[in-house]
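Chain residues, written in single-letter form:
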Amino acid sequence: MSNQEEVMEGSHAVAHAIKGADPEVIAAYPITPQTHIVEKLSQFVADGELDSEYVKVESEFSAMSSCVGSSATGARTYTATSSQGLLLMNEVLYNASGLRLPIVMGVANRALGAPINIWNDHSDSIGVRDAGWIQLYAETNQEALDMSIQAYEIAENQDVMLPTMVCMDGYILTHTYEPVSIPEREEIQDFLSPYEPEHKLDPENPETFGTVGFPRDYTEFRYQQFDAMDNATDVIKQVFDEYSDKFGREQRGLIEEYRTEDADIVLISLGSIMGVVKETVDSLREEGKKIGAIKVRAFRPSPAQELIEAIKGSDVIAVLDKNVSIGKKGALFTELKDELYSSDVNPLAKNFIVGLGGRDVPEDSVKKIAKKAEKAKEHGRVKKEIEFIDLKEVYDND
Amino acid sequence: MREIRIHGRGGQGSVTAAELLAESAFEDGLQAQAFPAFGVERRGAPVKAFARLSEEKIRRRSQIYTPNYVIIQDPTLLGTVDVTEGIQDDGLMIVNTSEDKESVDIETQADLITIDATEIALDILGKPIMNTALLGAFSGATGEVSLEAMQRRVQKRFPGKIGEKNAEVMKKAKKVVEE
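Counting restarts for each chain: residues are numbered from 1 in the order of the written sequence. Lettering of chains starts at A and numbering of ligands starts at 1, both following the order in which they are written. Given that the model is predicted, a residue must reach a pLDDT of at least 70 before its local features are reported, and side-chain atom pairs must reach 80 or more before they are shown or counted; all residues, however, enter totals for whole chains, interfaces and linings. Side-chain measures here rest on the full set of heavy atoms in the structure, leaving out hydrogens and waters.

Colleague: Talk me through the overall build of chain B; I want residue IDs and the actual numbers.
Modeller: A run of DSSP states H or I qualifies as a helix once it reaches four residues; a run of E qualifies as a strand once it reaches two. Both are numbered from the N-terminal end. Within chain B, the regular secondary structure consists of five helices and six strands. Across chain B, helices and strands are ordered from the amino to the carboxyl terminus as β-α-β-β-β-β-β-α-α-α-α. Taken over the C-alpha atoms alone, chain B extends approximately 40 × 40 × 35 Å along its principal axes. Taken over 179 residues, chain B has a buried fraction of 54%. Residue contacts follow a heavy-atom distance rule, with two residues in contact if any of their heavy atoms lie within 4.5 Å. Pairs at least 24 residues apart make up 57% of the contacts formed inside chain B by residues separated by at least 6 positions. Here, Shrake-Rupley sampling with a 1.4 Å probe gives the accessible areas, and only protein chains in the shown set may cover a residue. Here chain B displays about 8100 Å² of accessible surface, and carbon together with sulfur accounts for 46% of that area. Separation between the mean location of the 23 positive side-chain charges and that of the 28 negative ones in chain B comes to 9 Å. Any residue under 20% of the maximum accessible area for its type is buried, any over 50% is exposed, and the rest in between are partly exposed; the area is computed with a 1.4 Å probe on protein chains only. None of His or the chain ends enter the tally, which takes Lys and Arg as positive and Asp and Glu as negative. By convention, the charge on Lys lies at NZ, on Arg at CZ, on Asp at CG and on Glu at CD.

Colleague: Give me the lowdown on empty space enclosed by the protein, citing residues and values where you can.
Modeller: Here a cavity denotes a set of grid points, spaced 1 Å apart and computed over the protein atoms alone, in which a 1.4 Å probe fits but from which it cannot get out, and a pocket denotes an open set meeting protein on both sides within 12 Å along at least five of seven lines; residues with an atom within 4 Å of a point are reported as lining. Grid points are joined across faces, edges and corners, and a volume is the space filled by probe spheres set on the points. Under the defined criterion, the tally for this structure stands at four cavities of 30 Å³ or more. Taken together, 13 residues make up the lining of the largest cavity; nearest its centre are A:I172, A:K322, A:D360, A:V361 and B:R61.

Colleague: Tell me about the sheet that holds strand β6 (residues 134-137) of chain A, and name the residues and values.
Modeller: Residues and elements named next belong to chain A. A sheet is described by the order of its strands in space; here seven strands give the open sequence β3-β2-β4-β5-β7-β6-β12, paired in mixed fashion. The open sheet has two edge strands, β3 (53-56) and β12 (298-300), and neither has a second partner. Across this sheet, the average inter-strand angle for adjacent strands is 20°, counted without regard to direction. Paired strands are those between which DSSP finds at least two bridges. In the sheet, β6 pairs with strand β7 (residues 164-169) via four bridges, with the strands oriented parallel. A fitted line through C-alpha atoms serves as each axis, taken over the contacting stretch for helices, and the angle formed by two N-to-C directions is quoted from 0 to 180°.

Colleague: Provide a residue-level description of the pattern of salt bridges, including the pertinent values.
Modeller: Residue and element names in this part refer to chain A. Salt bridges are counted wherever a side-chain nitrogen of Lys or Arg sits within 4 Å of a carboxyl oxygen of Asp or Glu. In this structure the tally under the stated criterion is 47 salt bridges over all chains. Across the pair E387 and K350 runs a salt bridge whose closest N-O atoms are separated by 2.7 Å. Residue E387 is found in strand β15 (residues 386-388), and its partner K350 is found in strand β14 (residues 348-353); the two are separated by 37 residues along the sequence. As far as the burial class goes, E387 and K350 line up, both buried.

Colleague: An account of the packing of aromatic side chains is needed here, citing residue identities and associated values.
Modeller: Only Phe, Tyr and Trp rings take part, Trp by its six-membered ring, and two of them pair if their centres are within 6.5 Å. Stacked means planes under 30 degrees apart, edge-to-face means over 60, and tilted covers everything else. Evaluated as defined, the whole model comprises six aromatic pairs over all chains. Seen in terms of ring centroids, A:Y243 and A:F247 are 4.5 Å apart; in terms of plane orientation they differ by 45°. Their pairing is tilted. With a gap of four residues between them, A:Y243 and A:F247 both fall in helix α9 (residues 218-247), about one helical turn apart. Accessibility assignment for this pair places A:Y243 and A:F247 in one class, buried. A ring pair is formed by B:F35 and B:F50, whose centres lie 5.2 Å apart and whose planes are at 25°; its orientation type is stacked. Highlighted residues: B:F35 in strand β2 (residues 31-36) and B:F50 in strand β3 (residues 46-54), separated in sequence by 15 residues.

Colleague: Outline a positive patch on the surface, listing residues and values.
Modeller: Patches were defined on residues exceeding 30% relative accessible area and lacking a salt bridge, with like-charge contacts within 9 Å and nonpolar side-chain contacts (Val, Leu, Ile, Met, Phe, Trp, Tyr) within 5 Å. On the surface, A:K371, A:K375, A:R381 and A:K383 cluster together to form a positively charged patch. Mapped onto the fold, A:K371 is located in helix α13 (residues 363-379).

Colleague: Please set out unusual backbone geometry residue by residue, giving values where relevant.
Modeller: Residue and element names in this part refer to chain A. A cis geometry characterises the amide bond from A114 onward to P115, with omega recorded as -5°. Along the chain, P115 falls in the loop between β5 (104-109) and α6 (123-127). One non-glycine residue, S83, lies in positive phi territory at about 45°. Mapped onto the fold, S83 is located in helix α4 (residues 83-88). Phi is positive for M161, close to 45°, though the residue is something other than glycine.

Colleague: With reference to specific residues and values, describe the interface of chain A and chain B.
Modeller: Chain A puts 27 residues into the contact, and the matching count from chain B is 22 residues. When chain A packs against chain B, the two sides together hide about 2000 Å² of surface, and 52% of this comes from carbon and sulfur. A:E363 is the salt-bridge partner of B:R60, the closest N and O atoms lying 2.7 Å from each other. N or O atoms within 3.5 Å of each other form a polar contact, as long as, within protein, one can give a hydrogen and the other can take it, and as long as residues adjacent in sequence are counted only when both atoms are side-chain atoms. Remark: the boundary between chain A and chain B carries ten residue pairs in polar contact (both at pLDDT 80 or more). Residue assignment for the side of chain A that touches chain B shows that the elements contributing at least two residues are β1 (5-9), β8 (177-181) and α10 (274-286) of chain A. Ranked by residue count, the leading element in the side of chain A that touches chain B is α10(A), at five residues. Under the scheme applied here, ten amino acids are nonpolar (Ala, Val, Leu, Ile, Met, Phe, Trp, Tyr, Cys and Pro), four are charged (Asp, Glu, Lys and Arg), and all others, including Gly, are polar. Looking at the side of chain A that touches chain B residue by residue, the classes come out as twelve nonpolar, six polar and nine charged. Summed over both partners, buried area is the accessible surface (1.4 Å probe) that two parts give up on being assembled.

Colleague: Tell me what's going on with the packing of helix α11 (residues 304-311) of chain A against helix α12 (residues 331-341) of chain A, and back it up with residues and numbers.
Modeller: Residue and element names in this part refer to chain A. At a minimum axis distance of 10 Å, the contact between α11 and α12 shows a crossing angle of 70°. Judged by the angle between their axes, α11 and α12 are roughly perpendicular. Counting all contacts with α11, which are made through A304, Q305, L307, I308 and I311, the residues of α12 involved are L336, E339 and L340. Within the contact of α11 with α12, the residues separate by chemical class into six nonpolar, one polar and one charged. Roughly parallel means an angle under 35 degrees; roughly antiparallel means over 145; roughly perpendicular covers 65 to 115; every other angle is labelled oblique.

Colleague: Lay out the pairing of strand β4 (residues 77-81) of chain A with the relevant residues and their values.
Modeller: All names here are of chain A. Counting buried positions along β4 gives five out of five residues, so the element sits mostly inside the fold. Going residue by residue along β4, you find T77, T79 and T81 tucked away on one face and Y78 and A80 tucked away on the opposite face as well. For β4 and β5, the ladder comprises four bridges, and the chain directions are parallel. Across the sheet, residue T81 finds its bridge partner in β5, namely V107.

Colleague: Quick one: what's the story with the side chain of B:Q151, residue by residue and with numbers?
Modeller: Its location among the elements puts B:Q151 in helix α4 (residues 147-157). Among all residues touching B:Q151, those that are not within four sequence positions of it are B:A167, B:M170 and B:K171.

Colleague: Residue-level account of the layout of surface pockets, with values.
Modeller: All names here are of chain A. Considering only enclosed or pocket space, the largest pocket measures out at about 760 Å³ in volume. Together, 26 residues line the largest pocket, and G98, L99, R100, F209 and F221 are the ones closest to its centre. Elements supplying a minimum of two residues to the lining of the largest pocket: α5 (90-98) and α9. A breakdown of the residues in the lining of the largest pocket according to their chemical character gives twelve nonpolar, ten polar and four charged.

Shape is all these values report; function is a separate question.
In structure tokens form, the structure reads like this:
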């Protein structure tokens, strides 16, 4: 098995992984900062290295519509997008999931307008969290490319059959060169089960996809999706384990704990921010602080049960969200807190909104967050539940 | 960990230089990362690119604020961009200019070397594309990355005559800096 690492751009690493997964159809529309992924894939097709039907479309709406069509015929399908592109797909995203089509989509996370902004946050994918797609989030380019392969094995599992987004931070991962190890095509093919859906569009054996769901049946369709997402929890764990064993990785579970054993304070987030979060934990540990971190790999299905288990015994949790629901709070925070209500785990909980529209999150900002969490612990209560970090002074009423 | 910032203008290959630097360092057995200043680049406009080198796996992905090394590809940037920003006192700045270091308009505690990288590029490539010359100079001045790894990487990226000539540019620039 090849475990040779090479330095490569994140987008290209994902394109190589997808090439190995050998999708029969790719339908995509370019948008910054995702473009390099599909550009590379289209080059593979043009050079004859990848035998896919590459469909050039005139919008993201058409891209996802083509994906729905191709996936319904039983073809393994891929697309990728960002930001406004993902929003333009919104209507079709629900169809892809409702039709139970295991499409895999790369999302290069980018902020939403207005004001127009091409830089990273999670507003786009979090904004479509209810569309019935599995959502995986990568911390590194290695994880992004591995997840792009794992996504097919998860999505196409007969107990799941749900489309899957592999989310990677725009620019911060997509445009960064770093060492990655890309499995050989044969190894990827060997890892992935062949895609043989129980139902597909086939002229020899006609079936109907997308009929009306009358009030008599509609609820059951939704219940089945809900149930399938529930099944995805175990399937994801199993696929992550099998992949880690086969390719020598340690990417297991819906979450990853970092120095949480005896931690009073736990920082929780998802995506590429976890690198600096872990570094901050290390430097605060050196100062004798009992602090740890948890990385969330899967946002859908919900990682809440695993999170609750992991934060047992901690005094304060600080959830860092790169998104905010206007009028409410960050998504990871609200969802985790919701689950805590009916559990016997009851730490103080604070939500920090960070890194919107590409604002950098250096170690100093994470230290600031840790300090605020510490203060909550000292006072035994949370004064302000949600705080925007590094706000310009004129707005910071701290 | 060592952090590097490259200043250039759109079209001068700053991003390519950062990428080649990371690739070469990795070949030498270091961990490496390279990324552009995420912006809307236009030809001729000031641009920045970054690299990190380390013995350990690199987890940090925030921007670079206190570089150990700064490479300045275009002397016309000196009046418009704060090229010294955050440079560490024991750091090193490498400037592409025909002037000697005493007459360069930079005030810094860090070490400073100048090299006429454009002249080397014009001489060997026949074009004022000086990013590879500055990489050679970086290798010579810092020893962080070997010339051989850089030469292999540039020839991998630009196969044939162009790669060969750039490898020659690197060697020449390294020699100039070491003299």
